[in-house]
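# Structure at a glance
Chain by chain, the residues:
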Amino acid sequence: ESLLAHGGVAVTTEATIELPIEGAHGKGICYQTSFQREARSPVDAFRQALRWGAKTIFIDEIRDHEIAAEALQASLSGHLVITTMMAANVIQTVHKLHALANEKLAPGVAQSLLADGLLGVLHQHFVSNSKHKLETEFLFLKEAPVVRTILRNGKYELLATEIKRQMGSMITENATAQRLAEA
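Quick summary incoming for the structure in this document. What you see is a predicted model, and the numbers here were worked out from it, not measured in a lab. (Residues numbered from 1 in each chain as written. Predicted model: local features only at pLDDT ≥ 70, side-chain atom pairs only at ≥ 80, totals over all residues. Heavy atoms only, no water.)

### Remarks on helix α3 (residues 65-75)
Rule in force here: Working definition: with a 1.4 Å probe on protein chains only, accessible area under 20% of the residue-type maximum means buried, over 50% means exposed, and in between means partly exposed. Runs of H or I in DSSP of at least four residues are treated as helices and runs of E of at least two as strands, each being numbered from the N terminus. Whether two residues are in contact is decided by their heavy atoms, any of which lying within 4.5 Å being enough. Contacts described as polar in this section are N or O atom pairs within 3.5 Å, which, within protein, must combine one atom able to donate a hydrogen with one able to accept it, while residues neighboring in sequence count only if both atoms come from side chains.
Burial runs high along α3: eight of the eleven residues are buried. Every buried residue of α3 is listed here: I67, A68, A69, E70, A71, L72, A74 and S75. Lining the buried residues of α3 we find α2 (42-51), β4 (56-59), β5 (80-83), α4 (90-102) and α5 (109-117). Where α3 begins, one side-chain oxygen reaches toward the backbone nitrogen of E66, 3.0 Å away; that side chain belongs to D64.

### A few points about the side chain of S34
Tracing the sequence through the fold places S34 in strand β3 (residues 28-34). Since its relative accessible area comes to 5%, S34 is described here as buried. Of the polar contacts made by the side chain of S34, one reaches the backbone oxygen of A15; its length is 2.7 Å. Apart from the residues within four sequence positions on either side, S34 is in contact with E14, A15, T16 and I17.

### Brief notes about unusual backbone geometry
The phi dihedral of E143 is positive, around 55°, even though this residue is not glycine. Residue placement: E143 occurs in the loop between β7 (133-140) and α6 (145-153).

### Here we look at the sheet that holds β3
For the record, the criterion: Between any two strands, at least two bridges found by DSSP are needed for them to pair. Working convention: axes come from line fits to C-alpha atoms, limited for helices to the stretch in contact. Angles between N-to-C directions cover 0 to 180 degrees.
Pairing is mixed across the open sheet formed by five strands, whose spatial order is β2-β3-β1-β4-β5. Whereas interior strands pair on both sides, the edge strands pair on one side only; in this sheet they are β2 (23-25) and β5. Taking each pair of neighbouring strands and ignoring which way they run, the sheet shows an average axis angle of 20°. With seven bridges connecting them, strand β1 (residues 8-14) and β3 associate as parallel partners. Bridge pairing in β3 links V9 to I29.

### Quick look at the packing of α6 against helix α7 (residues 159-182)
What counts, and what does not: Throughout, the term roughly parallel applies to angles under 35 degrees, roughly antiparallel to angles over 145, roughly perpendicular to angles from 65 to 115, and oblique to all others. For a crossing to be left-handed, the near helix must be turned anticlockwise from the far one by less than a right angle; the clockwise case is right-handed. Amino acid classes used here: Ala, Val, Leu, Ile, Met, Phe, Trp, Tyr, Cys and Pro are nonpolar; Asp, Glu, Lys and Arg are charged; the rest, including Gly, are polar.
Where α6 meets α7, the closest approach of the two axes is 10 Å, and the angle between their N-to-C directions is 160°. Here α7 runs roughly antiparallel to α6, going by the angle between their axes. For the element pair α6 and α7, the recorded crossing hand is left-handed. Across from V147, I150 and L151 in α6, the residues of α7 making contact are L159, E162 and Q166. Among the residues forming the contact of α6 with α7, the class breakdown is four nonpolar, one polar and one charged.

Okay, here's the thing in structure tokens:
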């Protein structure tokens, strides 16, 4: 969608290419790379994507401290970095990203980068009961100075309240839009 609307260059850095998205998208173009096929490390593939001039970079999964630190640093230099991580929920994802990046960065830098560079976290998981259901939890940071302060201070457990508030706000806005559409 971003490439269609705004153009530019996007690059994926994937272990294995899963979805065929390479090619032209409106005025934009996407290049897919497989660091396993090219016998490179994920961080080397990411650095190459930065050298290509890509403004949007997809990392298939952050698993180590080097790529975590690189991704956070790139988020402050005009790049949109999209990635996945394995975690139980949004708060655990933030904790994990901080812990990984903190191994590589000076004390306090990871928290600052999270506060200034993170745009959002979306957590999805399947719930198995009578029927399979996909549940989603999210945290958005656009126009959310309270969340940025929480991240800067490293008080990640306080994010639970903001996650609930954002979900409630979205439900209310959707209900209002639905009523207006039906009127």
